[in-house]
Amino acid sequence: AKVFGVDANRPTPAIANPDGVDYVAMPWWKIFLIQFLNIAGLGPIFGAIMGVMFGPSAFLWIVFGSIFGGAVHDYLSGMLSLRRNGASLPELVGEQLGTGVKQFMRAFSLILMVLVGAVFVSGPAGLLAGMVSSISVTWWIVIIFVYYMLATLLPIDKLIGKIYPLFGAALIFMAIGLLVVLLTGDYTITNLTLESIHNHQINAHNLPIIPTLFITVACGAISGFHATQSPLMARCMNNEGEARMIFYGSMITESIIALIWAAIGMAFFHGPD
């Protein structure tokens, strides 16, 4: 924040260039919940549960990775976009490194989005099909894709601005509920000690902690994907002073979610082994 010289009086893209579609000013708490849901979803749940199979060292990575890596990265990418009229990641990179790199980043970001989108479609579709057996996975995928299209084409305050805060709050509520169960139930979590900080994976030789842990717990600690989401909210902020809460704060919140799910996974399965 000091490096950027945050100025709450500097006009943001939503104030300077409102268009009623993507550039729409919204309250900071709503932007926070949308940003949180955009970067969180299933990532800090699945990744944390798989990551804790390495043992308690996963807790260290989630904490320090988020504070010094993920949250800083999200804040920087959000502020860069905010200062460039809400520019997307490829445009930000291209402005500094030239047209060739910009075109590469466009292709790379598109591939990344397709891969992440596929996970965020197939994962929820499978979960919903398990809950509502009368509707097949295929139809759930179609329904989610239709929702994707509507969320993309409609003005951001019409669908995303109304539904995403509810989903974001639900994700936080779910984690708090699990935390209460963890603290009040008859569960045991492996203590973080010097003796416990080793690779608990059954196939530890082929799955070393470095670097495998870091790409297993990505969304809960640091994820480059987040930089593609930050411009969406940079276009909706009222002033720069909100940036730390929205970008840095949402990443810290995601890491807390990851910590809770990692602890739940370890407790439910009676340890990393």
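Above this text you will find the structure in question.
Let me sum up the structure you'll find in this document.

Basis of the calculations
Per-chain numbering applies: the sequence of each chain, read as written, is numbered from 1 onward. With pLDDT at 70 or above as the cut-off, local features in this predicted model cover only qualifying residues; side-chain atom pairs require 80 or more to be listed or tallied, and sums for whole chains, interfaces and linings still use all residues. The basis for the side-chain values is all heavy atoms of the structure; hydrogens and waters are excluded. Counting from the N terminus, the helices are DSSP H or I runs at least four residues long and the strands are E runs at least two residues long. When accessible area is computed with a 1.4 Å probe and restricted to protein chains, residues below 20% of their type maximum are described as buried, those above 50% as exposed, and intermediate ones as partly exposed. Here, two residues are considered to be in contact whenever any of their heavy atoms come within 4.5 Å of each other. A helix's residues, less one, multiplied by 1.5 Å, set its expected span. Residues belong to one nonpolar core when they are buried, are Ala, Val, Leu, Ile, Met, Phe, Trp, Tyr or Cys, and are joined through side-chain atoms within 4.5 Å. Two aromatic rings from Phe, Tyr or Trp, using only the six-membered ring of Trp, form a pair when their centres are within 6.5 Å; if the ring planes differ by under 30 degrees the pair is stacked, by over 60 it is edge-to-face, and anything between is tilted. Within this document, salt bridges are pairs made up of a side-chain nitrogen of Lys or Arg and a carboxyl oxygen of Asp or Glu, the two lying within 4 Å of each other. Distance thresholds for patches are 9 Å for like charges and 5 Å for nonpolar side chains (Val, Leu, Ile, Met, Phe, Trp, Tyr), applied to residues having over 30% relative accessible area and no salt bridge. Here the open area of atoms and residues is found with the Shrake-Rupley method and a 1.4 Å probe, where only the protein chains shown may cover a residue.

We now examine the environment of Ser57. Among the secondary structure elements, Ser57 is positioned in helix 4 (residues 57-83). Owing to a relative accessible area of 9%, Ser57 belongs among the buried residues under this scheme. Here the alpha-carbon distance between Ser57 and Gly224, two residues 167 residues apart in the chain, equals 22 Å. For Ser57, the contacting residues outside a window of four places in its chain are Leu192, Ile197, Ile209 and Leu213.

This part covers helix 6 (residues 99-131). Taking 1.5 Å per residue, 33 residues should reach 48 Å; helix 6 reaches 47 Å between its end C-alpha atoms and fits that length. For helix 6, the complete set of buried residues consists of Met105, Ser109, Val116, Gly117, Phe120, Val121, Gly123, Ala125 and Ala129. Lining the buried residues of helix 6 we find helix 3 (43-51), helix 5 (89-97) and helix 7 (137-153).

It is worth spelling out the environment of Met50 at this point. Looking at the secondary structure, you find Met50 in helix 3. Through-space distance from the C-alpha of Met50 to that of Leu213 is 9.0 Å; in sequence the pair is 163 residues apart. Those residues within four positions of Met50 in sequence are excluded, and the remaining contacts are Gln201 and Thr216.

As a further point, take the nonpolar core. In this structure, Ile31, Met233, Met237 and Phe247 are the most contacted members of the largest nonpolar core, which totals 46 residues. Every element with two or more residues in this core is listed here: helix 2 (28-39), helix 3, helix 4, helix 8 (160-184), helix 10 (226-234) and helix 11 (243-268). Element by element, the count of residues in this core is highest for helix 11, at 12 residues. The residues touching Ile31, leaving out its near neighbours within four places in the chain, are Met26, Met233, Cys236, Met237 and Ile246.

Below, the discussion takes up the packing of aromatic side chains. Enumeration over the complete set of coordinates arrives at 7 aromatic pairs. The interplanar angle of 80° and the centroid separation of 6.3 Å between the aromatic rings of Phe4 and Tyr75 together place this pair among those described as edge-to-face. Highlighted residues: Phe4 in the segment before helix 1 (13-16) and Tyr75 in helix 4, separated in sequence by 71 residues. Among the residues examined, Phe4 registers a relative accessible area of 17% and is labelled buried.

Let us look at the pattern of salt bridges. Overall, the coordinates contain 4 salt bridges when judged by the stated rule. Of the charged contacts, one joins Glu240 and Arg10 as a salt bridge, the two residues approaching to 2.8 Å between their closest N and O atoms. Of this pair, Glu240 sits in the loop between helix 10 and helix 11 while Arg10 is found in the segment before helix 1, placing the two residues 230 residues apart along the sequence. With a relative accessible area of 2%, Glu240 lands in the buried category. Between Glu91 and Arg106 there is a salt bridge, with its nearest N and O atoms 2.7 Å apart. Of this pair, Glu91 sits in helix 5 while Arg106 sits in helix 6, and the two are 15 residues apart along the sequence. On the basis of relative accessibility, which here comes to 37%, the residue Arg106 falls in the partly exposed class. A network of salt bridges, in which partner residues are shared, links Arg10, Arg83 and Glu240.

Another aspect to go through is a nonpolar patch on the surface. Residues Leu60, Val63, Phe64, Ile67, Phe68, Leu192 and Ile197 make up a contiguous nonpolar surface patch of roughly 610 Å² in combined accessible area. Within the secondary structure layout, Leu60 lies in helix 4.

In this section: the environment of Ile45. Among the structural elements, Ile45 can be located in helix 3. Under the relative-accessibility criterion, Ile45 is labelled buried at 8%. It is 15 Å that separates the C-alpha atoms of Ile45 and Val116, two residues lying 71 residues apart in sequence. If we ignore the near neighbours within four places in the chain, the residues touching Ile45 are Leu171, Met174 and Trp261.

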